[in-house]
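Summary of the model geometry
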Amino acid sequence: MQIVGLVGDVELERQREIDRNQVWLARSNGRMRLRLGEMFEKLVRLQGHRELGFSTTGAYSLERLSRSGRWMGETRTVARRVAELPRAGRAFDRGEYGWCKLELLCRHATAETGVKLLRVARSATVRELRQAFVEGPSEECDPERDAFDRSGIDDTFLAWLCKSYVTTWLPHLGTSDKWEHIYALDLYRCSSPVCFRKDCTAHHIRFRSHGGGDQAWNLTPPCDDDHIDGIHTGRIRVTGRAPDQLTWYIGREPVLVVRGREKELVPPALATRARLLVP
Ligand SMILES: [Zn+2]
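Residues numbered from 1 in each chain as written. Predicted model: local features only at pLDDT ≥ 70, side-chain atom pairs only at ≥ 80, totals over all residues.

Further remarks concern the overall build of the protein chain. On a plain count of helices and strands, the protein chain comes out with 13 helices and 6 strands. Across the 279 residues that make up the protein chain, the buried fraction comes to 20%. Long-range pairs, those at least 24 residues apart, make up 44% of the contacts in the protein chain with a sequence separation of at least 6. (Helix = DSSP H or I, 4+ residues; strand = E, 2+ residues; numbered from the N terminus. Buried ≥ 20, exposed ≤ 12 C-beta atoms within 10 Å, placed from the backbone. Contact = placed C-beta atoms within 7 Å.)

Next up, the structure:
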């Protein structure tokens, strides 16, 4: 049964690969068609087909391009509309959808509906896109997509998301708060020796309520859980001077003591004694 399943998986992957290749070829073909339409449009405006001895555009198309006049007429119409809907044309050139969807967009989209219909075209099937032209684009609330549309950025939604994230957060990198220098000392990782989390909070080794100050040696960056649920509930204790001379006591009655790189398991019988020895 397993072998049958494996053969099935291989077959399915092969079918998907053929599908991917066909889609790639069809979209390349679509881009070629659009370029042909754009060039043909220029030639006709210059009356070039007549200069070259053809009485009609159809005759030129059939003779020179092996395409019917009707095929070329439809192609020129799309090329003219793409000039008015440049975002639709660029999304098509990036391979975000094929010729059928581009043709539908060019036939039905207006300056007002174009952006929303372009969004539909990226994710919907051709049938769903046709339906959208009948009913009008959905007014579903999608704040990220709306922001993307308003931005006017000529790129994919994913690229816009990544750029927005970097643009928003890059200025804050290295300046998250006044304890940045403390987090950096521990490479932005929890300073507890038994934790690997990557969020940091600033903990005063000698509590401020006990007279501890903001000196670097009195600060260490445990993660939120180790700080609030561990240290401040007595499950973890830390003493000494940061960053290299700290001693960590793990457990309310310590079962593990860590000094620098040295770890020491505390036998249960000694755990109560160890707790009494914690400064
Ligand atoms: Zn932690």
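Having seen the model, we can carry on.
Strand order in the open sheet formed by 4 strands is β3-β4-β5-β6, and the pairing between neighbours is antiparallel. Of all strands in the sheet, those with a lone pairing partner are β3 (236-241) and β6 (262-265), marking the two edges. Adjacent strand axes in the sheet meet at a mean angle of 15 degrees, parallel and antiparallel pairs treated alike. Here strand β5 (residues 256-259) runs beside β6; their pairing, made up of 4 bridges, is antiparallel. Within β6, the position partnered with V257 by the bridge is E264. (Pairing = 2+ DSSP bridges. Axes fitted to C-alpha atoms, helices over the stretch in contact; angles between N-to-C directions.)

With that settled, consider unusual backbone geometry. Each neighbour pair has its own omega, and for A242 with P243 the value is 0 degrees, a cis peptide bond. Phi at S66 is positive, roughly 55 degrees, even though this residue is not glycine. Structurally, S66 is set in the loop between α3 (57-65) and α4 (69-84). Residues other than glycine seldom take positive phi values, yet Y188 does so here, at roughly 60 degrees.

Sheet topology places β3 next to strand β4 (residues 245-250); 6 bridges connect them, and they run antiparallel. Counterpart to V238 in the pairing with β4 is W248. The antiparallel hairpin formed by β3 and β4 contains 3 residues in its connecting segment.

Time to look at the nonpolar core. Within the largest apolar cluster, 18 residues are counted, with the highest numbers of intra-cluster contacts made by A88, L102, L105, L117 and A121. Counting residues per element, this core draws most heavily on helix α7 (residues 114-123), which supplies 4 residues. (Core = buried A, V, L, I, M, F, W, Y, C linked by C-beta atoms within 7 Å.)

This part is about the environment of K198. Take K198: it is sitting in the loop between α11 (180-185) and β1 (203-204). Classification of K198 as exposed rests on a count of 10 C-beta atoms within 10 Å. The spacing of K198 and Y183 is 15 residues in sequence and 9.9 Å in space, taken between C-alpha atoms. Setting aside residues no more than four positions away along its own chain, K198 makes contact with Y188 and R189.

Of note, G240 is situated in strand β3. Exposure remark for G240: the 16 C-beta atoms within 10 Å place this residue in the partly exposed category. The sequence separation of G240 and R206 amounts to 34 residues, and the corresponding C-alpha distance is 8.7 Å. Setting aside its immediate chain neighbours within four residues, G240 contacts I205, Q245, L246 and T247.

Moving on to helix α6 (residues 99-108). Burial in α6 covers these residues: K101, L102, L105 and C106. Taken around the axis of α6, the buried residues stretch over an arc of 135 degrees, which confines them to a single face. (Arc of directions from axis to C-beta.)

Right, let's talk about the packing of α4 against α6 for a bit. Packed helix pairs are specified by the crossing angle of their axes together with the interaxial distance, meaning the distance between the axes. At their nearest, the axes of α4 and α6 sit 9 Å apart, and the two run at 65 degrees to each other. Classed by the angle they form, the pair α4 and α6 counts as roughly perpendicular. Like other packed secondary-structure pairs, α4 and α6 cross with a definite hand, here left-handed. Between α4 and α6, the residues in contact are V78, R81 and V82 and L102, E103 and C106, respectively. Per-class residue counts for the contact of α4 with α6 are 4 nonpolar, no polar and 2 charged. (Parallel < 35°, antiparallel > 145°, perpendicular 65-115°, else oblique. Left-handed = near helix turned anticlockwise from the far one by under 90°. Nonpolar A, V, L, I, M, F, W, Y, C, P; charged D, E, K, R; others polar.)

Mapped onto the elements, V266 comes out in the loop between β6 and α13 (268-277). For V266, a count of 19 C-beta atoms within 10 Å translates into the label partly exposed. Sequence separation of V266 and I250 is 16 residues, and the distance between their C-alpha atoms is 9.9 Å.

What follows concerns α4. A rise of 1.5 Å per residue sets the reference length of α4, with its 16 residues, at 22 Å; its end C-alpha atoms lie 23 Å apart and thus fit the reference within 8%. Looking at α4, one finds that the buried residues are M72, T75, V78, A79 and V82. Each buried residue of α4 lies within a common arc of 120 degrees when the element is viewed along its axis, so the set occupies one face. (Expected span 1.5 Å × (residues − 1).)

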